Structure formats: C-alpha cells, structure tokens
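Take a look at the letters that make up each chain.
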Amino acid sequence: MLFFKLSAFYFFYFAAVGVYIIFLPKVLHDIGYSTFDIGIIFALAPLMRFLTPFLFLKHIKLDQKMFKTALYLSVIASTLFYVTIDNFFLFMINNALLGVCLSLILPYLEVTAISTLGKEKYGKSRLYGSIGFMLISLVLAKFLSEPSIAIHYYLALNILTVIFALLLLEFDTQNETKQSDEPFSFFKYWQFWLSLFFMQVSFGAFYNFFTIYETEHGISLEMTSYLWSFGVVCEILMLYFQAPLLKNNLLNVIKFCLGITIFRWVLLYLYPDSLNVTFFTQSLHAFSFGLYHSAVIMYLYSLYENKKLAQQFMYGVAYGLGGFIGAFLAGAVYGEYLFLYSALFALLSFVSLNFIKK
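A. Highlighting the overall build of the protein. Each helix and strand counted, the protein has 14 helices and 0 strands in total. Counting from the amino terminus, helix and strand elements in the protein follow one another as α-α-α-α-α-α-α-α-α-α-α-α-α-α. Radius of gyration (C-alpha) of the protein: 19 Å, near the 21 Å computed for a compact globule of 358 residues. Projected onto the principal axes, the alpha-carbon positions of the protein cover approximately 55 × 45 × 35 Å. In the protein, the proportion of contacts linking residues at least 24 apart, taken out of those at least 6 apart, comes to 85%. With the model as given, the accessible surface of the protein reaches about 14,600 Å², and the carbon-plus-sulfur share is 67%.

B. Broad picture of a nonpolar patch on the surface. Where nonpolar side chains cluster on the molecular surface, the patch consists of W190, L194, V333, Y337, Y341, L344, L347, V351 and F355 and spans about 810 Å² of accessible area. Of all the elements in the fold, those that place two or more residues in the nonpolar patch are helix 7 (190-202) and helix 14 (338-353). Here the nonpolar patch takes 4 residues from helix 14, the largest share from any one element. Note that V351 resides in helix 14. Among the residues examined, V351 registers a relative accessible area of 37% and is labelled partly exposed.

C. Fine view of the pattern of salt bridges. The final tally for this structure, using the stated rule, is 3 salt bridges. Across the pair D30 and K26 runs a salt bridge whose closest N-O atoms are separated by 3.9 Å. With D30 and K26 both in helix 1 (residues 2-30), this residue pair falls 4 residues apart, about one helical turn.

D. Region of interest: the environment of N87. Mapped onto the secondary structure, N87 falls in the loop between helix 4 (81-84) and helix 5 (88-143). According to the relative accessible area criterion, N87 is partly exposed, its value standing at 33%. At 3.0 Å, the side chain of N87 forms a polar contact with the backbone nitrogen of L90.

E. Just the packing of aromatic side chains, in detail. Within the structure shown, the criterion is met by 42 aromatic pairs. Look at F203 and W265: their rings are 5.0 Å apart centre to centre, the planes differ by 80°, and that puts the pair in the edge-to-face class. Of the two residues, F203 is situated in the loop between helix 7 and helix 8 (204-215) and W265 in helix 10 (residues 250-270); the sequence distance between them amounts to 62 residues. We note that F203, like W265, is buried. Put simply, the rings of F133, F203, F206, Y207, F210, Y213, W228, W265 and F339 pair up and form one aromatic cluster. Note that K124 overlies the ring of Y240, its terminal NZ or CZ placed 4.9 Å from the centroid. Between R126 and the ring centre of Y10, over which it is positioned, the NZ or CZ distance is 5.9 Å.

F. Fine view of the environment of I60. Note that I60 resides in the loop between helix 2 (35-51) and helix 3 (64-79). Taking the C-alpha atoms as reference points, I60 and C234, separated by 174 residues in sequence, lie 39 Å from one another. Not counting the four nearest positions on each side in its chain, I60 is found in contact with L55 and M66.

G. Structural view of the nonpolar core. F9, Y20, F192, W193, I254, M314 and F339 are the most contacted members of the largest nonpolar core, which totals 130 residues. Of the residues forming this core, the biggest block, 20 residues, is contributed by helix 5. When residues no more than four places from it in sequence are discounted, the contact partners of W193 are F184, S185, F186, L300, Y304, A310, F313, M314 and V317.

H. Expanded view of the side chain of Q282. Along the chain, Q282 falls in helix 11 (residues 275-283). A residue is classified by how much of its surface remains accessible, and Q282, at 1% relative accessible area, is buried. A distance of 3.0 Å separates a polar side-chain atom of Q282 from the backbone oxygen of L227.

I. Seen up close, the side chain of S288. Tracing the backbone shows S288 in helix 12 (residues 285-303). Among the polar contacts listed, one links the side chain of S288 to the side chain of R264, at a separation of 2.6 Å. Those residues in contact with S288 that sit more than four places away from it in its chain are M199, F203, C257, T261 and R264.

J. Focus on the packing of helix 7 against helix 8. Running from N to C, helix 7 and helix 8 point in directions that differ by 15°, and their axes come no closer than 4 Å. Of the possible angle classes, the one that applies to helix 7 and helix 8 is roughly parallel. Side by side, helix 7 and helix 8 meet where Q200, V201 and S202 of the first sit next to G204, A205 and Y207 of the second. Partitioned by chemical class, the residues of the contact of helix 7 with helix 8 number 3 nonpolar, 3 polar and no charged.

Calculation notes
Residues numbered from 1 in each chain as written. Predicted model: local features only at pLDDT ≥ 70, side-chain atom pairs only at ≥ 80, totals over all residues. Heavy atoms only, no water. Helix = DSSP H or I, 4+ residues; strand = E, 2+ residues; numbered from the N terminus. Rg over C-alpha atoms; globule rule 2.2 N^0.38 Å. Contact = heavy atoms within 4.5 Å. Areas by Shrake-Rupley, 256 points an atom, 1.4 Å probe, with all protein chains shown as cover. Patch = residues over 30% accessible without salt bridge, like charges linked within 9 Å, V, L, I, M, F, W, Y side chains within 5 Å. Salt bridge = Lys/Arg side-chain N within 4 Å of Asp/Glu carboxyl O. Buried < 20%, exposed > 50% of the residue type's maximum accessible area, 1.4 Å probe, protein only. Polar contact = N/O pair within 3.5 Å; in protein donor to acceptor, adjacent residues only side chain to side chain. Phe/Tyr/Trp six-rings, centres within 6.5 Å; stacked < 30°, edge-to-face > 60°. Lys NZ or Arg CZ within 6 Å of the ring centre and 35° of its normal. Core = buried A, V, L, I, M, F, W, Y, C linked by side-chain atoms within 4.5 Å. Axes fitted to C-alpha atoms, helices over the stretch in contact; angles between N-to-C directions. Parallel < 35°, antiparallel > 145°, perpendicular 65-115°, else oblique. Nonpolar A, V, L, I, M, F, W, Y, C, P; charged D, E, K, R; others polar.

Below is the structure:
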C-alpha cells in the first residue's frame, strides 16, 4: 500500500511539474510575455524554494502540521492562476507563493521514500513520476488550444497530488526532534553544495526555454512534446535499473553524470535544428537527471543527521537558488549561445566536486 500511494504521489506531482515547465512558458509567450519576463516569472518559484528552508533552521519546525498547510496553500495558489496570469506582477507573486509550498512538499516525502523503500525500491517508485511527466507532455500538446486549458490541468493534478500526499502521512516515521543536536552546516561540505548549485544553473535553459528554443528552430510543438517524452522514457528505464549502479562510489557516479550533461548541452548548442541529434541528447536525460538525482539524494542522506532539513536544502540550493539563477540568466542570454552557457555551468559543477577530500 505504501508503494502504491507513494508512486501515485510521484505520478501526479511530476505530471503537474510537466504542465508547469513544458507548457506554461509557451502559454506565457503566446499571450505576450517577453522571454525576459518569462525568465523572471520562472525564477521566482525556485528563489522561494531557496529562501524558505532558512526559516526552518531555528524559527519553524517542519512537522506534519506545516506540511499540511503547504499542501492546502498549493491548491489555493494553483487556483489563483486563473485570475493572475494576465497581470505580470500578480502572477509573479502567485508563483512566489507556489514556490514556498513546493519547497516543503517534495523534500518532506523524499525522506519517507528513502527511509522506507531503500535503494532497491526507491527508483521503481520514483519512475512513476517520470511516467506522469511523460504522459502529460503527450496529452496536453494535443489539447492546448488556449491558456486556461493548461491551468485546468495544473489545478486538477495538484489536487490529486495533495490527496495522495495526505494519505502518506501515516508512513511518516522520521522524528527530527530525536535527531542529533549537531548544527546544520553548509561549509563542511561546501564543494558538494556548490556543485549542486551550478548543475541546476545549467538546467535553467532546458527547463524554461527548451520548448521555445526548439520550436524557433523549426521543430513543431507536437514533435517537441515527443522529445520531452522520449527523454523521460530513458529516465524511467534508468530509474528502474539503476540500483546496481548506486552501489558504486556515489561521488564517481555523480561525476560521470556531470560529464554526460556537459556533452549533452554542447550538442544542443552545435545542432539546434537537427532532430536526430536532439533525440540523442534527450536520451542522455537518463544520466543527467535520472541517475544523477538518485545518486545525489542517496549521498546527501548519508551526510546529515537532520535528513528532512538536508533534503529541503538540497531542493532549495539546487532547484531553488540554482533554478532561480538559471532561469534568470537563460531569459537574459536567450539566443544562439544559450546551451553553450549551460555547458560551462555544468563544467563548473564537475570541477567543484573535484575539491572534495576523499
């Protein structure tokens, strides 16, 4: 029952993420937002993911009550999309509120997933999130005839996510009040945190502008949705078979994934209008996200006593601050050299890991 509920949560959560990152930038572009405006909008939610965890160092406790509050507020924020999307400043505030909610939901349940399922089953449950992401990319591309349709899908998926998240609370066995009193420190593992940051900066162009980038190079929106889906299929296969790989040295696994990611961004820069090359780069998503993400959270889980806070900061520093800077920079430099910048940031991520003492 735990496996089913957790898999359902991942399915609906990442299906909603698919609506948000694949189609919402295109919707905003079509209703008149500039690429710079889009970069700012999509930078706010990750910025809030970065700032929110600092409140939990001393002032607030990440418990079930706070978790439920975040779930309910995420539904309210999703509903407000209907009345704020046509106003840049209101939509910006709306996305900031959503970012606060998302900074709590996934990190909280990731600890439950790792502690109860372990390395063997975690990937097999998490892959349902990839399936949800892939299916929404295929379905919505055929029905996205007006902006409100994307918001309908996002709200419905968010509500289903909240339902299954609430059902998972009975399996929440991590009591952080019994954890060690050792203070949470970034400086002890600063090289790792810096690497996480640069890796997600490199993804700013992909998550926020890949759809626009490819359609402007002659690839149709429907074919672009197939590209997204193909990348997720490769990711799913990796999540299913990755357990033996995660038994190796996790730092070496992470470095290997970073090298693959650098190569991926360089190819997108060199061959933006080649459908065959672009499909190949999407196959590399199995390493630059699937295996990388699993190796990172497993490695981080072994470093800190306060595991929920560690996971929260992982999403805050990487997907939060890294996502914020990545989205902002991608919107500012959008053009021919977009993915060349991505490759440079991925290279910085790789270099940072080499300063970790063995």
